[in-house]
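Okay, here's what each chain looks like letter by letter:
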Amino acid sequence: MSIITVNNLTKKFKSLTAVDGISFAVNEGEVFGFLGPNGAGKTTTINILCTLLSPSSGRAEIAGFDCAKDPDQVRTSIGLIFQDTTLDVGLTAYENLKFHAYLYNLDRRLAEKRIDEMLAVVELQTRKHDLVKNFSGGMKRRLEIARGLLHYPRVLFLDEPTIGLDPQTRNTIWDFINTLRSKEKITVFMTTHYMEEAENCGRIAIIDHGRIIALDTPAKLKQMVHGDVIHVITTDNQRALAEIQKTFSLAAREENGGLVLETEKGDEFIPKLLHSLTMQTLSVSLKKPTLNDVFLKLTGRTIRDDVVADSKEVTREFVRSHRRAQR
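Residues numbered from 1 in each chain as written. Predicted model: local features only at pLDDT ≥ 70, side-chain atom pairs only at ≥ 80, totals over all residues. Heavy atoms only, no water.

1. What about the packing of helix α5 (residues 137-149) against helix α6 (residues 167-184)?
Packed helices, taken two at a time, are described by the angle between their axes plus the distance between the axes.
Move 1: Viewed as axis vectors pointing N to C, α5 and α6 meet at an angle of 15 degrees, and their least axial separation amounts to 10 Å. Relative to α6, α5 is oriented roughly parallel. Judged by the sense of rotation from one axis to the other, the crossing of α5 with α6 is right-handed. Here G138, R141, R142, I145 and L149 of α5 lie close against α6, whose contacting residues are T169, I173, F176, I177 and L180.
Move 2: In the contact of α5 with α6, the residues fall into six nonpolar, two polar and two charged. (Axes fitted to C-alpha atoms, helices over the stretch in contact; angles between N-to-C directions. Helix = DSSP H or I, 4+ residues; strand = E, 2+ residues; numbered from the N terminus. Parallel < 35°, antiparallel > 145°, perpendicular 65-115°, else oblique. Left-handed = near helix turned anticlockwise from the far one by under 90°. Contact = heavy atoms within 4.5 Å. Nonpolar A, V, L, I, M, F, W, Y, C, P; charged D, E, K, R; others polar.)

Written as structure tokens, this is what we have:
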């Protein structure tokens, strides 16, 4: 069953078409990834889904509510965690969550119960009354996750959820997210430029120039890049090149002081390669296709560390809009 449905969604800014007639659906309980180079249209799409922008045409629904016509119902159905922290560091963990509960009109008793539950889940219950300014980056991110789930959202939006965190902390955060997804029965919609992080997704949509150019599981997307890449360095690369072409009829090229060739089942091919060469092999390495290779193949670009949209301002606008709606 689809919890998010997008049909022929288009967004134009004067002469610029930021989103160009895209359609996709996200299943309930799924971890769905949205990847694209800077300016591809992913932030614009997410802003429409989060009711921060109205589409020029097309339709987007979350939990059966139209994002343009039913913004209040959509907002109560989603949680938002953007890359820049929006916690009030001058408040305690409890006070940050209490303020969020107030924005969503949670009953006082329910809010207190929910705050304790979520702090326990993210293992911050002992820091409940500590100022957030004294928290580490990982602790702040865990608190933001708790805040995003406080009002029982059906969809959790994560924009670069672990940017700036070390690999160990990133893994810890994802352990929390996966545990919460199972416990809370939520759907996760995320963007990331960490290709290894994208492996957490059940499916990934790659968007470029406002259009979705690929949508599938990580494994099937990687099948689009044919062959493993082998890099071998010998004592005579020129002669090795000729022998490889003659023996295996494979095209190889000189690169980084050695030879690079592509072949299926590279781990099985390497022993055959080493056995056939008449000169000494100094080193050999194997590289399996990655999501980054898929991204590069499809777009001709790599994902850079910077992000076009100012996520902090996006979050502020969401809060401002929600406050206006509550008046």
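2. Section: the environment of A63
Move 1: Locating A63 in the fold gives a position in the loop between β4 (57-62) and β5 (65-66).
Move 2: It is 25 Å that separates the C-alpha atoms of A63 and I213, two residues lying 150 residues apart in sequence.
Move 3: Contact partners of A63, with chain neighbours within four places excluded, come to I3, S77 and R154.

3. As for the environment of V188
Move 1: Residue position: V188 is located in strand β8 (residues 187-191).
Move 2: According to the relative accessible area criterion, V188 is buried, its value standing at 0%.
Move 3: Counting along the chain gives 158 residues from V188 to E30, while the straight-line C-alpha distance between them is 6.2 Å.
Move 4: V188 has contacts with E30, V31, F32, L156, L158, I177 and R181, leaving out every residue within four places of it along the chain. (Buried < 20%, exposed > 50% of the residue type's maximum accessible area, 1.4 Å probe, protein only.)

4. A word on helix α4 (residues 108-121)
Move 1: With 14 residues, α4 should cover 20 Å at 1.5 Å per step; its first-to-last C-alpha distance of 20 Å lies within 8% of that length.
Move 2: Three or more residues of α4 are buried, namely A111, R114, I115, M118, L119 and V121. Looking straight down α4, one finds its buried side chains confined to an arc of 150 degrees; they lie on one side.
Move 3: Lining the buried residues of α4 we find α3 (93-103), α5 and α6.
Move 4: With a side-chain oxygen lying 3.1 Å from the backbone nitrogen of R109, the N-terminal cap of α4 falls on D107.
Move 5: Phi turns positive one or two residues past the end of α4, at E123, with a value near 60 degrees. (Expected span 1.5 Å × (residues − 1). Arc of directions from axis to C-beta. Polar contact = N/O pair within 3.5 Å; in protein donor to acceptor, adjacent residues only side chain to side chain.)

5. Observations regarding the sheet that holds strand β9 (residues 203-208)
Move 1: Spatial ordering of the open sheet is given by β6-β7-β8-β3-β9-β10, a layout of six strands whose pairing is mixed. Among the strands making up the open sheet, the edge pair consists of β6 (78-81) and β10 (211-216). For this sheet, the mean inter-axis angle between neighbouring strands, taken without regard to orientation, is 20 degrees.
Move 2: As paired elements, β6 and strand β7 (residues 155-159) share four bridges and run parallel to each other. Looking across to β7, one finds that I78 is bridged to V155.
Move 3: Helix α1 (residues 42-49) contacts β3 (31-35), β7, β8 and β9 of the sheet and is inclined by roughly 150 degrees relative to β8.
Move 4: Running at roughly 150 degrees to β8, α6 makes contact with β3, β7 and β8 of the sheet. (Pairing = 2+ DSSP bridges.)

6. Regarding the nonpolar core
The nonpolar side chains of a soluble globular protein tend to be buried with one another.
Move 1: L143 and I204 are the most contacted members of the largest nonpolar core, which has 45 residues in total.
Move 2: Dropping the residues within four chain positions of it, I204 is found in contact with G33, L35, A198, A214, L215, D216, P218, L221 and L291.
Move 3: Within the second largest apolar cluster, 29 residues are counted, among which are A60, I78, F82 and I207. (Core = buried A, V, L, I, M, F, W, Y, C linked by side-chain atoms within 4.5 Å.)

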